[in-house]
Amino acid sequence: MVSFFSLQTLLLPSLFFFLSTISAASCPSTPSPPTPLPPDILTILPQLLSPQSQILLPSSPSFPFYSTRFSAEQGTPTFQAIILPRTESDISQIIKYSNSHNLPFLAISGQHGSWYPLENFNGIGISLRNLSTRISLDKDGRHATIGGGMNVYETVQYLWSKGKQTTTGICECVGVISPGLGGGHGLFQGQYGLVGDQWVEARVVLADGKVVRVSEKENKDLWWGLRGAGHNYGVVSEVKVKVYDTPKGKESWSWESFSFKGKKLEVLYEWVNKGLIGTQPAELVHWSMWSLDKNIDPENPVITFSLYYNGPASELKMYSENIHNLGPVAHKEGVVEYSKMSAVFGADINGGFCSKNQNPNVALRASDVISYEIPALRKAYDLLSSGLKSEPAFAYSVVMLEGYSVQGVQAVPAESAAYPHRAQRILQAPTIVWPRGTNETLDEEAQGLARKLWIAISGTTEKRSYVNYAWGDEGPQALYGYEPWRLQKLRALKKKYDPESRFGYFASVETKSKGHGDI
Ligand SMILES: Cc1cc2nc3c(=O)[nH]c(=O)nc-3n(C[C@H](O)[C@H](O)[C@H](O)COP(=O)(O)OP(=O)(O)OC[C@H]3O[C@@H](n4cnc5c(N)ncnc54)[C@H](O)[C@@H]3O)c2cc1C
Ligand SMILES: *[C@@H]1O[C@H](CO)[C@@H](O)[C@H](O)[C@H]1NC(C)=O
Ligand SMILES: *[C@@H]1O[C@H](CO)[C@@H](O)[C@H](O)[C@H]1NC(C)=O
């Protein structure tokens with residue numbers, strides 16, 4: 001038997017050589033070893049923080065509650081500690097303390113971020129979930145102030161109880177503010193605009209711990225960058241947002257879902273291109289999910305095409321009757337109050353998307369387009385189909401095609417915020433799902449399939465990726481726009497507000513382009 005010692009002497013030099021070649025060839029800089037926690041963190045830091053703040057070490061029973069990610073093992077940051085500030089000034093103190101010890105930090109709110117390079121993060125998490133600022137309606141009844149760690153569920157339920165609503169994402173356990181840092185899609189965007197378009201003022205803790213107010217009037221340059229590339233510039237401790245009265249008679253959403261076999265792909269999406277794109281009312285959302293449903297098709301993914309309409313079912317029929325004519329094999333419909341819409345997507349607080357202990361691995365990607373490129377869809381469908389056949393572990397994978405209406409989004413001038421995809425009407429999102437605890441070969445296959453699907457479904461147009469669905473290898477133009485002035489402006493802001501790139505872990509604007517389309 002070969003002893004451990006002899007194996008080590010045999011293998012180490014060649015392994016070392018191998019590693020050094022890799023890093024010289026492909027990494028911009030050799031990764032430095034992680035900074036360990038300062039030994040006195042538990043004695044010094046609490047003195048700087050308010051009494052109700054908390055420092056959780058990995059040994060703490062509550063640690064997993066604040067560290068577990070939506071994707072169990074892919075793109076997961078390493079947290080040596082998670083700190084729960086209670087006040088904005090706590091956030092500021094934590095940042096100053098981290099800087100003085102050269103310790104990386106990362107803001108956490110809903111824990112759903114899926115940016116793969118977060119794998120490289122090793123430091124402390126600043127979870128905003130227990131900030132004392134929750135949500136309150138302003139006196140004018142037209143704005144609400146929302147704390148940086150609030151989630152969609154808390155926000156929607158509170159506003160609903162006051163007869164109000166605004167644009168938020170759909171999944172109830174996702175943060176309500178952090179999606180707005182990248183734009184933020186939701187059912188109301190046709191009527192009101194993106195999540196970030198609702199903001200009128202934010203309070204931001206900068207890289208040096210300084211707190212600033214940011215709005216159209218104060219720190220105007222940062223205001224522009226915050227709404228589209230905001231993860232780059234600071235920790236948002238609270239935001240003042242526009243809210244709207246729920247109009248009488250518009251409390252409910254009607255929906256219809258149709259299942260099609262794969263051979264109907266062309267007629268269905270040709271109809272969407274002709275019958276919906278461009279004329280879709282602000283109240284109407286179309287959404288597809290391609291997934292396995294062996295009851296309907298034992299072999300290939302089923303196309304579930306759904307319409308969601310903010311209004312009575314009789315009005316939705318004007319659109320849905322065309323789809324009945326295309327020959328679906330199954331149909332469902334319903335009407336629900338807005339505050340219960342997340343459950344229709346399986347994205348309610350008690351649903352699978354919000355589970356913290358059974359999460360699988362997920363590779364999510366984004367391809368934003370103006371209308372469907374049918375041959376690209378066909379190619380992607382066939383790839384998904386063959387991928388599912390060749391690897392049963394991928395059985396829960398899907399392609400989502402999200403067709404939110406865009407009137408409210410396009411009413412905002414494109415150059416007025418960093419969000420760069422206002423012309424795009426459809427968010428195509430291939431999503432490979434596989435069990436946790438598998439091996440690297442399967443992980444690589446899953447990531448490879450997600451990437452192939454993304455390339456296929458993007459078709460012939462310039463690749464664009466909604467930053468909050470992006471994987472991390474898309475390159476900066478795909479995330480932040482192809483107009484050269486956008487990245488120039490974002491990078492100038494970075495130099496000004498975060499010169500040492502302390503907020504460089506999530507979708508950094510400084511990532512260098514690899515070339516056209518960045519693939
Ligand atoms: C199941 C699911 C459903 C989704 N639904 C939608 C949807 O309907 N609409 C939509 O637009 N997107 C949606 N997304 C994408 C979502 O926008 C991103 O995953 C987003 O990053 C999640 O935010 P989080 O607070 O939950 O995640 P976190 O992982 O807590 O945060 C993500 C990153 O944001 C930064 N960050 C978090 N909080 C702050 C803060 N207060 N200040 C500054 N930076 C901060 C940090 O860099 C962090 O790494 C969904 C994602 C999933 C997985
Ligand atoms: C966070 O706040 C909740 C509710 O106020 C409290 O129950 C919980 O203990 C806090 N978490 C930690 C780790 O302090
Ligand atoms: C990795 O996992 C897959 C799927 O479970 C399996 O088919 C394959 O044999 C495994 N490979 C190794 C090297 O264990």
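Residues numbered from 1 in each chain as written. Chains lettered and ligands numbered in written order. Predicted model: local features only at pLDDT ≥ 70, side-chain atom pairs only at ≥ 80, totals over all residues. Heavy atoms only, no water.

Trainee: Quick question: what am I supposed to make of the environment of Glu201 here?
Mentor: Following the sequence through the fold, Glu201 ends up in strand S8 (residues 199-205). Glu201 gets classed as partly exposed once you look at its relative accessible area, which sits at 24%. Residues Glu201 and Phe353 lie 152 residues apart in sequence; the distance between their C-alpha atoms is 30 Å. (Helix = DSSP H or I, 4+ residues; strand = E, 2+ residues; numbered from the N terminus. Buried < 20%, exposed > 50% of the residue type's maximum accessible area, 1.4 Å probe, protein only.)

Trainee: How do you make sense of the sheet that holds strand S6 (residues 143-147) when you look at a structure like this?
Mentor: What holds strands together in a sheet is hydrogen bonding between their backbones, with the strands either parallel or antiparallel. The five strands are arranged S5-S6-S10-S8-S9 in an open sheet whose pairing can be described as antiparallel. The open sheet has two free edges, formed respectively by strand S5 (135-137) and strand S9 (211-215), since each of these has just one partner strand. Within this sheet the neighbouring strands show an average axis-to-axis angle of 15°, counted without direction. In this structure, S8 lies alongside S9, joined through five bridges in antiparallel fashion. The residue of S9 that forms the bridge with Val204 is Val212. In this fold helix H4 (residues 88-100) packs onto S8, S9 and strand S10 (235-242), with an angle of close to 45° to the strand it touches most, S8. Contacts from helix H5 (residues 152-161) reach S5 and S6, with the element oriented near 25° to S5. (Pairing = 2+ DSSP bridges. Axes fitted to C-alpha atoms, helices over the stretch in contact; angles between N-to-C directions. Contact = heavy atoms within 4.5 Å.)

Trainee: Explain the UniProt feature "domain: FAD-binding PCMH-type" (unreviewed entry) in the chain here, please?
Mentor: When the UniProt feature table is mapped to this numbering, "domain: FAD-binding PCMH-type" (unreviewed entry) covers residues 74-246. Across residues 74-246 one finds 24% helix and 28% strand; the C-alpha atoms that close the span lie 39 Å apart. (UniProt positions renumbered as here; feature names shortened; annotations may be inferred.)

Trainee: Can you walk me through the site of ligand 2 in this structure?
Mentor: For ligand 2, the full set of nearby residues is Gln54, Tyr66, Leu84 and Asn130. Between ligand 2 and Gln54 there is a distance of 3.2 Å, counted from an oxygen atom to a side-chain nitrogen or oxygen. Note that a nitrogen atom of ligand 2 is positioned 3.1 Å from one of the side-chain N or O atoms of Tyr66. Protein coverage of the free-state accessible area of ligand 2, which is 360 Å², stands at 47%. (Near = heavy atom within 4 Å. Polar contact = N/O pair within 3.5 Å; in protein donor to acceptor, adjacent residues only side chain to side chain. Areas by Shrake-Rupley, 256 points an atom, 1.4 Å probe, with all protein chains shown as cover.)

Trainee: I tried to follow the environment of Gln407 on my own but got confused; where do I start?
Mentor: Relative to the elements of secondary structure, Gln407 occurs in helix H13 (residues 407-410). For Gln407, a relative accessible area of 36% puts it in the partly exposed group. Counting along the chain gives 265 residues from Gln407 to Arg142, while the straight-line C-alpha distance between them is 21 Å. If we skip the residues at most four places from it in the chain, Gln407 touches Gly190, Gln280, Pro281 and Ala282. A polar contact is formed between the side chain of Gln407 and the backbone oxygen of Gln280, at a distance of 2.8 Å.

Trainee: So what exactly am I meant to see when it comes to the packing of helix H12 (residues 374-390) against helix H14 (residues 440-458) here?
Mentor: Helices that pack against each other are described as a pair by the angle of their axes relative to one another and the distance between those axes. Across the interface, H12 lies against H14 with an axial gap of 8 Å and an inter-helix angle of 160°. The orientation of H12 with respect to H14, classified from their angle, is roughly antiparallel. For H12 against H14, the interelement crossing comes out right-handed. Here H12 contributes Ala376, Leu377, Lys379, Ala380, Leu383, Leu384 and Gly387 to the contact with H14, which in turn contributes Leu449, Lys452, Leu453, Ala456 and Ile457. Of the residues assigned to the contact of H12 with H14, the class counts are nine nonpolar, one polar and two charged. (Parallel < 35°, antiparallel > 145°, perpendicular 65-115°, else oblique. Left-handed = near helix turned anticlockwise from the far one by under 90°. Nonpolar A, V, L, I, M, F, W, Y, C, P; charged D, E, K, R; others polar.)

Trainee: Can you help me understand the nonpolar core in this one?
Mentor: Nonpolar side chains tend to gather and get buried jointly when the protein is soluble and globular. Membership of the largest hydrophobic core comes to 83 residues, with the highest contact counts inside it found for Leu187, Trp199, Leu226, Tyr480 and Leu490. For this core, the element with the most residues is helix H8 (residues 220-229), which contributes five residues. Those residues in contact with Trp199 that sit more than four places away from it in its chain are Ile177, Gly180, Leu181, Trp223, Leu226, Arg227, Val239, Lys240 and Val241. One finds Leu276, Ile303, Tyr372 and Val399 within the second-largest nonpolar core, a separate group that totals 42 residues. (Core = buried A, V, L, I, M, F, W, Y, C linked by side-chain atoms within 4.5 Å.)

Trainee: Where do I start with the environment of Glu315 in this structure?
Mentor: Tracing the sequence through the fold places Glu315 in helix H10 (residues 313-324). Separated by 61 residues in sequence, Glu315 and Ser254 place their C-alpha atoms 8.9 Å apart.

Trainee: Help me out: how do you make sense of unusual backbone geometry in this one?
Mentor: When glycine is set aside, most residues are seen to have a negative phi, and most peptide bonds are trans. For Gln111, which is not a glycine, the phi torsion comes out positive at approximately 65°. Tracing the sequence through the fold places Gln111 in the loop between strand S3 (105-108) and strand S4 (122-127). Of note in this structure, Ala507 is not a glycine but carries a positive phi near 50°. Within the secondary structure layout, Ala507 lies in the segment after helix H16 (484-497). Residue classification places Ala507 among the buried positions, given a relative accessible area of 0%.

Trainee: Got a minute to help me understand the sheet that holds S4 in this structure?
Mentor: As summarised here, the arrangement of the four strands in space is S1-S2-S4-S3, forming an open sheet in which the pairing is mixed. For this open sheet the edge positions go to strand S1 (54-56) and S3, each flanked by a neighbour on one side alone. Between one strand and the next, the sheet's axes are offset by a mean angle of 25°, whatever the strand orientation. Helix-sheet contacts for H4 involve strand S2 (78-84), S3 and S4, and the interaxial angle to S4 is about 170°.

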